[in-house]
Amino acid sequence: MASEDRLHYELGDADWSGGGAYTGEGPQLALTLWERGEASLAWDVMRRLLWMARHFPYFPQDHYCDRPAAAPSGRRVNIVAGLAGAEAILTGPAGVRFRLDGSLVVEPAVLPDGDVELTGLTYRGRTIDGSTSSGTVTVDGRRRRPARSSSDPGHGSGHPAGPAPGP
């Protein structure tokens, strides 16, 4: 394409050669930043994608970068892109961590702005709720003490939320 051409990118395939992006890339970046302990930067990346919830019932495969839209037809619901967003939110701000012994720890992050509420997560017969605004976690309706570390504002010592597997 020449700079004089009216269109400078291909319109039909936004994430490969067009004016958009693969939707799963942002959540994957946010997740990596949370894993590195960079909670503020991770939230800054993730919050930029949350506009999609006002327009779509799921994270689409790809989206345009110059307007809040995705390709109007011929596109499928992309489970990978959607799960990347869910994984980033659950393990990032909601602070859900599965341990090798089968236990579960929930430690909501402190967000510089915004709030994430986790309600009704069921794990091994227990129901877990959590809030980033208060750091509160409840297990089976019983409140757990907030556990936030001053040395790492994104993650504290955790709320054990599920038992390790039995023998």
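Residues numbered from 1 in each chain as written. Predicted model: local features only at pLDDT ≥ 70, side-chain atom pairs only at ≥ 80, totals over all residues. Heavy atoms only, no water.

Q: How should I be thinking about the sheet that holds strand S8 (residues 142–144) in this particular structure?
A: Across a sheet, paired strands are connected by hydrogen bonds in the backbone, their directions being either parallel or antiparallel. The four strands lie next to each other as S5-S6-S7-S8, forming an open sheet whose pairing is antiparallel. A single partner strand is all that each edge strand has here, and the edge strands are strand S5 (117–123) and S8. Each strand axis lies, on average, 25 degrees off the axis of its neighbour in the sheet, ignoring direction. Relative to strand S6 (residues 126–131), S5 is paired through five bridges, and the arrangement is antiparallel. Paired with Leu 121 across the bridge in S6 is Ile 128. (Pairing = 2+ DSSP bridges. Helix = DSSP H or I, 4+ residues; strand = E, 2+ residues; numbered from the N terminus. Axes fitted to C-alpha atoms, helices over the stretch in contact; angles between N-to-C directions.)

Q: Explain the side chain of Ser 131 to me, please; I cannot follow it from the model alone.
A: The residue Ser 131 is located in strand S6 in this model. A distance of 3.5 Å separates a polar atom in the side chain of Ser 131 from the backbone nitrogen of Ser 134. (Polar contact = N/O pair within 3.5 Å; in protein donor to acceptor, adjacent residues only side chain to side chain.)

Q: Help me understand the pattern of salt bridges in this model?
A: A side chain of one charge can pair with a side chain of the opposite charge if their charged atoms are brought near each other. All chains considered together, the criterion is met by four salt bridges. Residue Glu 38 is joined to Arg 36 by a salt bridge in which the shortest nitrogen-to-oxygen separation is 3.3 Å. On the accessibility criterion, Glu 38 (30% relative accessible area) is partly exposed. Residue class for Arg 36 comes out exposed when judged on its relative accessible area of 60%. (Salt bridge = Lys/Arg side-chain N within 4 Å of Asp/Glu carboxyl O. Buried < 20%, exposed > 50% of the residue type's maximum accessible area, 1.4 Å probe, protein only.)

Q: What's the story with the nonpolar core in this structure? I'm lost.
A: In this structure, Trp 34, Trp 43, Met 46 and Met 52 are the most contacted members of the largest nonpolar core, which totals 19 residues. Every element with two or more residues in this core is listed here: helix H1 (25–35) and helix H2 (39–47). The element best represented in this core is H2, accounting for five residues. Once residues lying within four places of it in the same chain are set aside, the contact partners of Met 52 are Thr 23, Phe 59, Pro 60 and His 63. Membership of the second largest hydrophobic core comes to nine residues, among which are Val 96, Leu 104, Leu 118 and Tyr 123. (Core = buried A, V, L, I, M, F, W, Y, C linked by side-chain atoms within 4.5 Å. Contact = heavy atoms within 4.5 Å.)

Q: How should I be thinking about H1 in this particular structure?
A: Two residues of an α-helix separated by three or four positions point the same way, owing to the 3.6 residues in each turn. Residues of H1 that are buried: Gly 26, Pro 27, Ala 30, Leu 31, Leu 33 and Trp 34. Across the axial projection of H1, the buried residues extend over an arc of 160 degrees, all falling on one side. The first or second residue beyond H1 is Gly 37, which carries a positive phi of 85 degrees. (Arc of directions from axis to C-beta.)

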